[in-house]
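Spelled out from the first residue to the last, the chains are:
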There are 2 protein chains.
Amino acid sequence: MSRRDLFPRRLDIAHGCIEMTHGGGGRAMAQLIEELFLTAFDNEWLRTQDDCAQFAIPASRLVMATDSHVVSPLFFPGGDIGCLSVHGTINDVAMAGARPLYLAASFILEEGFPLADLKRIVESMAQAARQAGVAIVTGDTKVVERGKGDGVFITTTGIGIVAAGVTISASRAQPGDAILLSGAIGEHGMAVLSQRENLSFDTPIQSDTAALHELVAAMVTAVPDIHCLRDPTRGGLATALNEIAQQAGVGMRLQEAAIPLREPVRALGEFLGLDPLYIANEGKLLAICPAAAADKLLAAMRDHPLGQEAAIIGQVVADDHHFVEMKTVFGGSRLVDWLSGEQLPRIC
Amino acid sequence: MSRRDLFPRRLDIAHGCIEMTHGGGGRAMAQLIEELFLTAFDNEWLRTQDDCAQFAIPASRLVMATDSHVVSPLFFPGGDIGCLSVHGTINDVAMAGARPLYLAASFILEEGFPLADLKRIVESMAQAARQAGVAIVTGDTKVVERGKGDGVFITTTGIGIVAAGVTISASRAQPGDAILLSGAIGEHGMAVLSQRENLSFDTPIQSDTAALHELVAAMVTAVPDIHCLRDPTRGGLATALNEIAQQAGVGMRLQEAAIPLREPVRALGEFLGLDPLYIANEGKLLAICPAAAADKLLAAMRDHPLGQEAAIIGQVVADDHHFVEMKTVFGGSRLVDWLSGEQLPRIC
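Residues numbered from 1 in each chain as written. Chains lettered and ligands numbered in written order. Predicted model: local features only at pLDDT ≥ 70, side-chain atom pairs only at ≥ 80, totals over all residues. Heavy atoms only, no water.

K.L.:
Hey, could you run me through the overall build of chain A in this one?
P.N.:
From N to C terminus, chain A includes 10 helices and 14 strands. Taken over the C-alpha trace, chain A has a radius of gyration of 21 Å; the compact-globule value for 348 residues is 20 Å, and the two agree within 12%. Projecting the C-alpha coordinates of chain A onto the three principal axes gives extents of approximately 70 × 50 × 35 Å. Evaluated residue by residue, chain A yields a buried proportion of 64% over its 348 residues. Considering only intrachain contacts with a sequence separation of at least 6, the fraction spanning at least 24 residues in chain A is 85%. A total of about 12,600 Å² of accessible surface is found on chain A, and carbon and sulfur atoms cover 51% of it. Within chain A, the 41 negative side-chain charges are centred at a point lying 4 Å from the centre of the 27 positive side-chain charges. (Helix = DSSP H or I, 4+ residues; strand = E, 2+ residues; numbered from the N terminus. Rg over C-alpha atoms; globule rule 2.2 N^0.38 Å. Buried < 20%, exposed > 50% of the residue type's maximum accessible area, 1.4 Å probe, protein only. Contact = heavy atoms within 4.5 Å. Areas by Shrake-Rupley, 256 points an atom, 1.4 Å probe, with all protein chains shown as cover. Lys, Arg positive; Asp, Glu negative; His and termini not counted. Charge placed at Lys NZ, Arg CZ, Asp CG, Glu CD.)

Shown next as structure tokens:
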């Protein structure tokens, strides 16, 4: 049977919608995979159409990370769930100091979702993966009934390898270390929120969604002894710092004036009563390194397009309470606690 | 801050439900992860609480597979979404002849989902992973609003390594090869369906959900030159054979009388008008190997608890149409086509 016999009519991507049969395992699913996913992600691994991908790997330390993406709305200023799902997982792999190699992508589609929107999302994923030099090598597609999902959820899983001698983990943060941040905070969360609430501004806030592995590679080359890297996504900078403080058994002291923050984000935060410290980022990273190496690391970060606004924002201290405290621009001191109440839901 | 300061009250698992804050990235999410997921899956990788897992791996061919699980209902005779999500991905890795090593698990939870049900599911996953000797090393948790999900969706991604000299892929099926099946068909799909439709029987049908990697290891040891392995899940045996025929550019000839089928499955299929050839399995595999090795492979399969009812069910033939044809028990011949219309939705 030729492909033409198997799928006598091409998918009507302009007008068609996801139907339950697209998840049934039969001919309709095979066609969706072939005409939409394989076309966009095309590579030697997907072309085998086995239920898994195979590749040779050198003896190494391997890193594995996974993230489900449920962001709402699916399209927002500066990105969409497609590129976000590639960047998010690449970044989790990169935060171990690893070079991301391969991604798996699994889709949960809602019956009735427009194929045209799915195509935009899949092409955005494909472009993000190509730009990052990471192949999407295997995947899965499920369909749920109308009202049992929300358009599309995408789970990506990434693997990468770490160079010998690089040992990056939150637990390595220690008193005296410097805390560096790669750029301005709060942009992803505020971009999604402004889209969701239909707020418009003279200078719209764009999501900062980006793959950070090349920035990380430059940083590790400059300072192989980086102790800790983390991308402050859900819960923002405040939550990421509290997590590290807890895992490493240390405290943190920040200088508010040193934390990069753009005026539109500050203004929208004030307008909505949201603290940018707790707002999600998708293209920023925190780095913790020995104080003696901080200037060298900062210079390496500023040399990279994604780290031009990098800054040293504080230091790690001994603190049995594992508190994150911040000297405010007004000269006072403020406890930067864990986020405990409501937060922006479905930001990534 | 001690753990007790961070989470002053323990999660009320008996009466509590998932709330939006459990996905917010803050304190509530940290507590859910610690008291529910880490407790069940406990291992050295999760304990680091980094956003990824790291492990050493020898130079090898690596296999990666991913599956989202959206089965409805979440609990069914013989299993639940938890063990299914472990078995499903382990099996996809095993079908490359690989030894599964590590799993990532990502959860999309619906607001209002009972924590007690989540605990049952997570413990079932943990038990399935322990039994299979595979660690769940990293994960993610998202929460969507009531009515935007359906209780819980679980995406698992697995990696494994393939021994040198083993090259198993659908494309290797060739005319003359024997087709073997490890046991009776249709049990998973019929078990889920009977639960969904509230059908009860004197001998209830149990899902066959099981991890097949040890059966595969025994098979590869007996016959290293197995050409192809596939687990006939969604779309059942018929769809898996059609996929292989298409990928390898061959035809298949089956003997209906040789295909293991238990009486309750046959009877329920007749009652509901469903052909067991198209019904999902979650603990069965198809193997294709040179005819000369078929008896040896069959013996190895029958020696394993999950292959006791294994049978040679047909042979691969040259066929430009890539048809799967079956000689029926009545002596006629029937085309076993791709599933093209409706199928049982959300079976896995």
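K.L.:
Even after reading the chapter, I still don't get the sheet that holds strand E8 (residues 178-181) of chain A, so can you show me in this structure?
P.N.:
Residues and elements named next belong to chain A. If you trace the seven strands from one edge of the open sheet to the other, you get E9-E11-E8-E12-E10-E13-E14, paired in mixed fashion. What marks the edges here is a single partner per strand, and that holds for strand E9 (228-230) and strand E14 (333-335). Averaged over all adjacent pairs, the angle separating strand axes in this sheet is 25°, with direction ignored. Bridging between E8 and strand E12 (residues 311-317) involves four bridges; their strand directions are antiparallel. The residue of E12 that forms the bridge with Ile179 is Gly314. (Pairing = 2+ DSSP bridges. Axes fitted to C-alpha atoms, helices over the stretch in contact; angles between N-to-C directions.)

K.L.:
I'm lost on the pairing of strand E5 (residues 98-110) of chain A in this one. Help?
P.N.:
In the case of a regular strand, side chains alternate between the two sheet surfaces. Residue and element names in this part refer to chain A. Counting buried residues in E5 gives 12 out of 13 residues, a clear majority hidden from the surface. Bridge analysis of E5 against strand E7 (residues 152-162) gives 11 bridges, and the strand direction is antiparallel. Note that in E7 the partner of Ala98 across the bridge is Val162. Relative to strand E6 (residues 135-144), E5 runs parallel, the two sharing nine bridges. Opposite Leu103, over in E6, you have Ile136 as the bridge partner. In terms of handedness, the path from E5 via helix H5 (residues 115-132) over to E6 forms a crossover that is right-handed. (Right-handed = clockwise from strand over helix to strand, strands pointing away.)

K.L.:
Can you help me understand the packing of aromatic side chains in this one?
P.N.:
Aromatic rings in a pair are described by how distant their centres are and how their planes are angled relative to each other. Following the criterion strictly, the structure yields nine aromatic pairs over all chains and no others. Plain terms: the ring middles of B:Phe37 and B:Phe41 are 6.3 Å apart, the flat faces sit at 40° to each other, and that makes the pair tilted. Taken together, the residues B:Phe37 and B:Phe41, both in helix H2 (residues 27-41) and four residues apart, mark about one turn of the helix. Side by side, B:Phe37 and B:Phe41 carry an identical accessibility label, which is buried. Through pairs of rings, three or more aromatic residues link up here, namely A:Phe37, A:Phe41 and A:Phe107. A cation sits over an aromatic face here: B:Arg120 above B:Phe75, 3.7 Å from the ring centre. (Phe/Tyr/Trp six-rings, centres within 6.5 Å; stacked < 30°, edge-to-face > 60°. Lys NZ or Arg CZ within 6 Å of the ring centre and 35° of its normal.)

K.L.:
Before we go on, may I ask you to explain the domain arrangement of chain A in this structure?
P.N.:
Interfaces are often sized by the accessible area lost when the parts come together. Residue and element names in this part refer to chain A. We note that the domain assignment places domain 1 (10-162) and domain 2 (170-335) within chain A. Placing a centre on the C-alpha atoms of domain 1 and another on those of domain 2 gives a separation of 28 Å. Across the contact, 20 residues belong to domain 1 and 20 residues belong to domain 2. Here domain 1 packs against domain 2, burying approximately 1,700 Å² in sum over the two surfaces, 62% of which is carbon and sulfur. Interface area lost by domain 1 to domain 2 is led by Pro77, Asn91 and Met95, which between them contribute 35%. Inspection of the domain 1/domain 2 interface yields zero salt bridges. The tally of links between domain 1 and domain 2 comes to nine residue pairs in polar contact (both at pLDDT 80 or more). Every element with two or more residues in the side of domain 1 that touches domain 2 is listed here: strand E3 (75-76) and helix H4 (81-94). Here the side of domain 1 that touches domain 2 takes eight residues from H4, the largest share from any one element. Of the residues in the side of domain 1 that touches domain 2, the class split is 12 nonpolar, seven polar and one charged. (Domains from an automatic or database assignment. Buried area = accessible area lost by both parts, 1.4 Å probe. Salt bridge = Lys/Arg side-chain N within 4 Å of Asp/Glu carboxyl O. Polar contact = N/O pair within 3.5 Å; in protein donor to acceptor, adjacent residues only side chain to side chain. Nonpolar A, V, L, I, M, F, W, Y, C, P; charged D, E, K, R; others polar.)

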